[in-house]
Amino acid sequence: MSEWWTYRLSDFLLFSADTYYRLFELYNTAIWPAHIVVLVLSGLWFYFLIRPKPWSGKLLFTFLGTTWLWIAWGYHVSHFTSVNWAASYYAIGFALEGLLLILAGGSGKARPIPSNTHWTSRVGTGLIGFGLILQPLIVLLSGRPWTQIELFALAPDPTVIATLGILLLVGRIRWLLLPIPIIWCLISSATLWTMGASEFWMTLCAAGVALFAVRPVHKKPYSVY
Amino acid sequence: MPDRSTISRRTALGLLAAPLIRPALRIQPQSIITKPIPSTGEALPVIGIGSWITFNVGNDREARNACTEVMRNFFELGGKMIDSSPMYGSAQEVIGYGLNRLGNPDALFSADKVWITSTARGASQIENSRELWGVPQFDLMQVHNLRSWEGHLETLHAMKASGSLRYVGITTSEGRRHSLFEEVMQTQPLDFIQVSYNILNRRVEERILPIAQERGIAVIINRPFQQGNLIRRMKRQRLPDWASEAGATNWAEFLLKFIVSHPAVTCAIPATSQVRHVKENMAAATGELPTEAMRQRMIDYVEAL
Ligand SMILES: NC(=O)c1ccc[n+]([C@@H]2O[C@H](COP(=O)([O-])OP(=O)(O)OC[C@H]3O[C@@H](n4cnc5c(N)ncnc54)[C@H](OP(=O)(O)O)[C@@H]3O)[C@@H](O)[C@H]2O)c1
């Protein structure tokens, strides 16, 4: 791209805010009533996170990886590409992360260990709560109709924020799994900011908080688990 | 020189020939300001319509129908040129949808672009775009942002020679690659160029517009409202009392009439997703155009805001 310095973010935005939000409405309509099943599964997922069992890592990461794979296909390829050709590249990124999450879960190396005593762990749990509950609520409180809701496991942003959270609870494997969610946060935030959407700060802050909180893993586990 | 033409009977009948199940276009014969395309003398209304962002609504049926209404009003008010590009997501497909619902209006002047690095794949991209629009052939095909321009211009000139294209052009925006742009204008046989120009960004007045005049190239103006920022800003300001002397009753007319009153400019292509805005914009193709002295007064006023 010649004279690249003359380009602004708005030169790359292909769609309006209205079109972007309508896309979620059309997506939600197309997959309804999958939301009910997903809400139940998300609740169980959170339960097994805070009440870990020996096999929790496998279960949690396999479910999470599957949601990334679903979003790659169900949202990016099937909906977002209709207004944004770049979404096919986003789909590749989401599919790759989905596979990595599933492999990490299967390898036994990704074992989330939430703790009340270590602040990194608390930040991680906070991000998960944010992705599961607050992010969808804030989107609704910003005045959008509930038909445009973005839910964990179905929409990219809450899923990515919750993924960042769980990655703060695992060991070194996090370094392999962090780049794609961080890149997505930057893409999503830049998209929302260029569209003039007020909620652009959510993915940006989530990435910032995760990068701040993430650091070399302690020799000893954080918790009594 | 601007000309005032009444929409021909043939055009009006063509527009009305939409299938009966669809609401037919009610074309209002009215005096529309046109300018000639220098290479042929064909008259073009001074206001066309763009499709970047506004017509990229994907598979959303409701939004597609809203775009169709914008197009219906555009044609009913005497519009002809619609501009698009394969770069604009689903915009071409949405235009094709709208044209089909409007019964493929005869009035259409289709302007699209080739936007691909591989020159070998240029022809197939153009064919794909043609299918999306659902037109027998394009009126104008432009090399988007001079991307792989040498090879694509060869393809376009060959298409024009074979009769499958009427006009050839190149585009840029926001002052990018102007020196190369000038060079291509000086050395290649072009019917059209497309550049950015508005009351606050008049850089093309220095070299590009004079070259276009000298070489007999039609000029399309993109980004007339600076992607909406300029008109949104102006609409918060008071329209000067003397705006009617410039032929303007609102800010859209004020800004667009400034642009199309430049002698080198053939037309401007504001994009909109709203019927009330297309009505405002099309009004700029009616009435009087500002004189040279008035243009200076318009600049002074806006620059002082
Ligand atoms: N390199 C290139 O080839 C190139 C580059 C840029 C643009 N283009 C072409 O030029 C066209 C025009 O440029 P653009 O779309 O970038 O920007 P533009 O036409 O300057 O501005 C479009 C914006 O103005 C708003 N608008 C239109 N009419 C209005 C009115 N009467 N009152 C208030 N707001 C109004 C629209 O919002 P609403 O939807 O709310 O009306 C839209 O957001 C493009 O669509 C594209 O076809 C080509």
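The structure this text deals with has already been given above.
Now for a look at the structure at hand. In this convention, every chain numbers its residues from 1, walking through the sequence in written order. All chains are assigned letters beginning with A, and all ligands numbers beginning with 1, in the order in which they are written. The model is predicted, so local features are restricted to residues of pLDDT at least 70 and side-chain atom pairs to those at 80 or more, both for listing and for counting; the totals for chains, interfaces and linings are taken over all residues. With hydrogens and water excluded, all non-hydrogen atoms of the structure serve as input to the side-chain values.

## Some words on the environment of Ala87(A)
Residues and elements named next belong to chain A. By the criteria applied, helices consist of DSSP H or I runs no shorter than four residues and strands consist of E runs no shorter than two, each listed in order from the N terminus. Mapped onto the secondary structure, alanine 87 falls in helix 4 (residues 87-107). The exposure class assigned to alanine 87 is buried, which follows from its relative accessible area of 0%. Residues alanine 87 and methionine 202, 115 residues apart in the sequence, show an inter-C-alpha distance of 20 Å. The residues contacting alanine 87, other than those within four sequence positions of it, are His76, Phe80 and Thr81. Residue burial is assigned from relative accessible area. The probe radius is 1.4 Å, only protein chains are included, and a residue is buried under 20% of its type maximum, exposed over 50%, and partly exposed in between. Contacts were defined at the residue level, with two residues in contact if any of their heavy atoms lie within 4.5 Å.

## Regarding the interface of chain A and chain B
Of the residues lining the interface, 17 residues belong to chain A; the matching set on chain B comes to 20 residues. We define buried area as the total accessible area lost by two parts upon association, computed with a 1.4 Å probe and summed across both. Interface area, chain A with chain B, both sides summed: about 1,500 Å², of which 43% is carbon and sulfur. Each salt bridge in this description consists of a side-chain nitrogen of Lys or Arg and a carboxyl oxygen of Asp or Glu lying within 4 Å of one another. Viewed at the interface, chain B and chain A are joined by five salt bridges. Between Asp11(A) and Arg176(B) there is a salt bridge, and its shortest N-O distance comes to 3.0 Å. Polar contacts, as used here, are pairs of N or O atoms within 3.5 Å; protein pairs need one atom able to donate a hydrogen and one able to accept it. Residues neighboring in sequence count only if both atoms are side-chain atoms. Between the two partners, chain A and chain B, sit eight residue pairs in polar contact (both at pLDDT 80 or more).

## Remarks on the site of the ligand
All names here are of chain B. Proximity is defined per residue: any heavy atom of the residue falling within 4 Å of a molecule or strand makes that residue near it. As a structural note, the neighbourhood of the ligand is formed by 33 residues, with Asn145, Lys235, Thr272, Ser273 and His277 the closest of them. In the environment of the ligand, an oxygen atom lies 3.3 Å from a nitrogen or oxygen atom belonging to the backbone of proline 224. Here an oxygen atom of the ligand sits 2.5 Å away from a polar atom, N or O, in the side chain of threonine 272. In isolation the ligand offers 900 Å² of accessible surface; the protein chains occlude 92% of this area. Those elements giving two or more residues to the shell around the ligand turn out to be helix 8 (229-235) and helix 10 (275-283). In terms of residue class, the shell around the ligand is built from nine nonpolar, 18 polar and six charged. In these tables, accessible area is a Shrake-Rupley quantity obtained with a 1.4 Å probe, and a residue counts as shielded only by the protein chains included in the view. Gly counts as polar in this scheme, as do all residues outside two lists: the nonpolar Ala, Val, Leu, Ile, Met, Phe, Trp, Tyr, Cys and Pro, and the charged Asp, Glu, Lys and Arg.

## A few points about the side chain of Thr272(B)
Residues and elements named next belong to chain B. Note on placement: threonine 272 falls in the loop between strand 10 (267-268) and helix 10. With relative accessibility at 5%, the residue threonine 272 sits in the buried group. From its side chain, threonine 272 meets the backbone nitrogen of glutamine 274 in a polar contact 3.0 Å long. When sequence neighbours within four positions are dropped, the list of residues in contact with threonine 272 reads Ile49, Thr54, Phe55, Val70, His277, Val278 and Asn281.

## Focus on the packing of helix 9 (residues 251-260) of chain B against helix 10 of chain B
Residues and elements named next belong to chain B. Axis separation between helix 9 and helix 10 bottoms out at 8 Å; the angle between their running directions is 45°. Between helix 9 and helix 10, the interaxial angle falls into the category oblique. Judged by the twist between their axes, the crossing of helix 9 over helix 10 is right-handed. The residues of helix 10 that touch helix 9, namely those facing Ala252, Glu253, Leu256 and Lys257, are Glu280, Asn281 and Ala283. Note on definitions: angles span 0 to 180 degrees between N-to-C directions of axes, and those axes are lines fitted to C-alpha atoms, for helices only across the stretch in contact. Angles are sorted into four bins: roughly parallel if under 35 degrees, roughly antiparallel if over 145, roughly perpendicular if 65 to 115, and oblique for all others. If you view the pair so one helix is near and one far, a crossing is left-handed when the near helix is turned anticlockwise from the far one by less than a right angle, and right-handed when it is turned clockwise.

## Some remarks on helix 2 (residues 34-50) of chain A
Residue and element names in this part refer to chain A. Multiply 1.5 Å by the residue count of a helix minus one, and that product is the helix's expected span. Counted at 1.5 Å a residue, the expected span for helix 2 with its 17 residues is 24 Å, and the 24 Å between its end C-alpha atoms agrees. Along helix 2, the residues that are buried comprise His35, Val38, Ser42, Trp45, Phe48 and Leu49. Relative to the axis of helix 2, the buried residues are bounded by an arc of 145° and lie together on one face. Facing away from the buried side of helix 2 by more than 90 degrees, the exposed set consists of Leu39 and Val40. Residues of helix 2 that are buried make contact with helix 1 (17-31), helix 3 (56-77), helix 5 (119-141) and helix 6 (156-167). In this context, the arc is that of the directions from the helix axis out to the C-beta atoms.

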